[in-house]
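Structural features, examined
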Protein chains: 2
Amino acid sequence: MNQSQKAQYEARVKIIKAIAHPSRLFIIEELNRRERCVNELAEMVGADISTVSKHLSILKNAGLVFDEKRGTNICYRLRTQCILNFIGCVEDVLTANAQSQMEILRCCKK
Amino acid sequence: MNQSQKAQYEARVKIIKAIAHPSRLFIIEELNRRERCVNELAEMVGADISTVSKHLSILKNAGLVFDEKRGTNICYRLRTQCILNFIGCVEDVLTANAQSQMEILRCCKK
DNA sequence: TTCCTATTTGGCAATATAGCCAAATAAAGG
DNA sequence: CCTTTATTTGGCTATATTGCCAAATAGGAA
């Protein structure tokens, strides 16, 4: 792994890490439904507003969401839907894992 | 976010975290090319064998790779190609980010 | 059995991440 | 200008992740 390869992997990792948190996954799915402002999301997630604000800044910093003023609030929106396929793929892996677990069980019962 | 939702997000996060590391991304791409044993990967990554062994166990634990004896070595292989689309999507986000950066620059020059 | 070779595991120190509270900002409405 | 409301930032502690070394383990080969 040379230096420029490493930099490229780190750039990818930054984006992957941005979604590697339960609250942030939730936020992404919710923002796919519709735009939301910080206090709404904090309420839904069930965490302190400052915590959610920090989550949003991580997502924004990774280029996954953007914000926009809506009156007195700041609303966040998804910047690309692509990230959802991404998460869908994770679901496929989970399904595959579950299936192989089942096969192991079936095998033992015989 | 109720309890079962949270559990579901945590299951996804486990998989996402598994690929959220430069060395592990590298390993996944290399294993897509062909199967590799631990010492080969350690050489390529440029880290201690024990470190790479731990990376592999994280990937294995997430169901992304599996291992198989090959003589005196243990070879690792990708369990699903799906994870690659996944990474391809990250690349799309990076491209989109770069494009919007360029737009910002172009805008300032006017 | 004893010696290699390949890999995994334990342990530790360094670094990164998370989440809360409190304080700082920003902007709208009196 | 002052107050209120929404959000962000700083600071701190708790927890998680990383990577190396050294030690343990697992199988072949002699």
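Note: the structure precedes this text.
These lines cover the structure that appears in this document, whether it is placed above or below. Quick caveat: nothing in here was measured; it's all calculated off a predicted structure.

1. A closer look at the protein's contact with DNA strand C
Lining the immediate environment of DNA strand C, one finds 22 residues, of which Ser50 and His55 of chain A together with Ser53, Lys54 and Tyr76 of chain B sit closest. Protein-adjacent atoms of DNA strand C, using a 4 Å cutoff, are sugar or phosphate at a proportion of 67%. Here a phosphate oxygen of DNA strand C sits 3.0 Å away from a polar atom, N or O, in the side chain of Thr51 of chain A. Within the contact set of DNA strand C, a phosphate oxygen lies 3.3 Å away from a backbone nitrogen or oxygen of Val38 of chain B.

2. Some thoughts on the packing of helix H2 (residues 22–33) of chain B against helix H4 (residues 49–61) of chain B
All names here are of chain B. Where H2 contacts H4, the axes come no closer than 10 Å and their chain directions differ by 70 degrees. Between H2 and H4, the interaxial angle falls into the category roughly perpendicular. Between H2 and H4, the contacting residues are Ser23, Arg24, Ile27 and Ile28 on the first element and Val52, His55, Leu56, Ile58 and Leu59 on the second. Each residue belonging to the contact of H2 with H4 can be placed in one class, and the counts come to 6 nonpolar, 2 polar and 1 charged.

3. Concerning the packing of aromatic side chains
Scanning the model with the defined rule gives 2 aromatic pairs over all chains in all. When the centroid spacing of 6.1 Å and the interplanar angle of 85 degrees are considered together, the rings of Tyr9 of chain A and Phe26 of chain B count as edge-to-face. One end of the pair, Tyr9 of chain A, is in helix H1 (residues 3–18); the other, Phe26 of chain B, is in helix H2, on a second chain. By the burial criterion, Tyr9 of chain A is buried, and Phe26 of chain B matches it.

4. Focus: the nonpolar core
Counting residues in hydrophobic clusters, the biggest one holds 63 residues, and the most contacted among them are Ile27, Leu64, Ile83 and Phe86 of chain A together with Ile27, Leu64 and Phe86 of chain B. If one sorts the elements of this core by residue count, helix H5 (residues 82–109) of chain A sits on top with 8 residues. Sequence-distant contacts of Phe86 of chain A, that is, excluding residues within four places in its chain, are made with Ile16 and Ile19 of chain A together with Phe86, Cys89 and Val90 of chain B.

5. Some words on the side chain of His55 of chain A
Turning to its location among the elements, His55 of chain A is positioned in helix H4 (residues 49–61). Ignoring anything within four residues of it in the chain, the contact list for His55 of chain A reads His21, Ser23, Arg24 and Ile27 of chain A.

6. Details of the protein's contact with DNA strand D
Near DNA strand D you find 21 residues, and of these Ser53, Lys54 and Tyr76 of chain A together with Ser50 and His55 of chain B are the closest. Taking all atoms of DNA strand D within 4 Å of the protein, the share assigned to sugar and phosphate is 67%. Arg24 of chain B is positioned with one of its side-chain polar atoms (N or O) 3.2 Å from a phosphate oxygen of DNA strand D. Within the contact set of DNA strand D, a phosphate oxygen lies 2.8 Å away from a side-chain nitrogen or oxygen of His55 of chain B. Listing elements by their share of the surface near DNA strand D, those giving two or more residues are helix H3 (38–45), H4 and strand S3 (73–78) of chain A together with H4 of chain B. Taken together, the residues that form the surface near DNA strand D break down as 6 nonpolar, 9 polar and 6 charged.

7. Structural notes on the interface of chain A and chain B
Every contact between the two is made by 39 residues of chain A and, on the other side, 39 residues of chain B. Between chain A and chain B, roughly 3,400 Å² of surface is buried when both sides are summed, and carbon and sulfur atoms account for 73% of that area. Applying the counting rule to chain A against chain B returns 14 residue pairs in polar contact (both at pLDDT 80 or more). Counting only elements with at least two residues in the side of chain A that touches chain B, the list comes to H1, helix H2 (22–33), H3 and H5 of chain A. Ranked by the residues each element gives to the side of chain A that touches chain B, the list is headed by H5 of chain A, at 13 residues.

8. Considerations on the relation of the copies chain A and chain B
Under the fitted operation, chain A is carried onto chain B by 0.0 Å of movement along the axis and a turn of 180 degrees, and the coordinates agree to an RMSD of 0.0 Å. Taken together, these values place the two copies in the relation of a two-fold axis. In terms of C-alpha distance to the rotation axis, chain A has Phe86 of chain A as its closest residue, with the C-alpha 2.5 Å off the axis. Residue by residue, 100% of the interface of chain A is reproduced at the interface of chain B, so both copies engage with the same surface.

9. Comments concerning the packing of H2 of chain A against H3 of chain A
Residue and element names in this part refer to chain A. In the contact formed by H2 and H3, the axes pass within 11 Å of each other and the chain directions differ by 125 degrees. The pairing of H2 with H3 is recorded here as oblique in orientation. Considering the relative orientation of H2 and H3, their crossing is right-handed. Along the contact surface, H2 presents Ser23, Phe26, Ile27, Glu30 and Leu31, while H3 presents Leu41, Met44 and Val45. Taken together, the residues that form the contact of H2 with H3 break down as 6 nonpolar, 1 polar and 1 charged.

What counts, and where the lines are drawn
- Residue positions are counted from 1 within each chain, in the order its sequence is given.
- Both sets of labels track the order of writing: A upward for chains, 1 upward for ligands.
- Per-residue local features of the predicted model are confined to residues with pLDDT of at least 70, and side-chain atom pairs are confined, for both listing and counting, to 80 or more; whole-chain, interface and lining totals are unaffected and use all residues.
- With hydrogens and water stripped out, all remaining heavy atoms of the structure feed into the side-chain values.
- Any residue with a heavy atom positioned within 4 Å of a molecule or strand is treated as near that molecule or strand.
- Within 3.5 Å is the distance limit for a polar contact, defined as a pair of N or O atoms, with the added protein rule that one can donate a hydrogen and the other accept it, and that residues adjacent in sequence qualify only through two side-chain atoms.
- Axis lines are fitted through C-alpha atoms, for helices just across the contact stretch, and the angle between N-to-C directions can take any value from 0 to 180 degrees.
- Helix and strand definitions follow DSSP, with helices as H or I runs of at least four residues and strands as E runs of at least two, each counted in order from the N terminus.
- Oblique is the label for any angle not under 35 degrees, not over 145, and not in the 65 to 115 range, which are roughly parallel, roughly antiparallel and roughly perpendicular in turn.
- Pairs of residues are marked as contacts when any of their non-hydrogen atoms sit within 4.5 Å.
- In this count, Pro and Cys sit with the nonpolar residues alongside Ala, Val, Leu, Ile, Met, Phe, Trp and Tyr, while Asp, Glu, Lys and Arg are called charged and the others, Gly among them, polar.
- A pair of Phe, Tyr and Trp rings is counted when the ring centres sit within 6.5 Å of each other, with Trp represented by its six-membered ring. The angle between the planes then sorts it: under 30 degrees is stacked, over 60 is edge-to-face, the rest tilted.
- Accessible area is worked out with a 1.4 Å probe on protein chains only. A residue is then buried under 20% of its type maximum, exposed over 50%, and partly exposed in between.
- We define the nonpolar core as a collection of buried residues of types Ala, Val, Leu, Ile, Met, Phe, Trp, Tyr and Cys that are connected through side-chain atoms lying within 4.5 Å of one another.
- In this description, buried area is defined as the sum, over both parts, of the accessible area (probe of 1.4 Å) that is lost when the two are combined.
- To line up the copies, we fit them by least squares on C-alpha atoms, keeping just the residues with pLDDT of at least 70 in both.
- Put simply, a crossing is left-handed when the front helix is turned counterclockwise from the back one by less than a right angle, and right-handed when it is turned clockwise.

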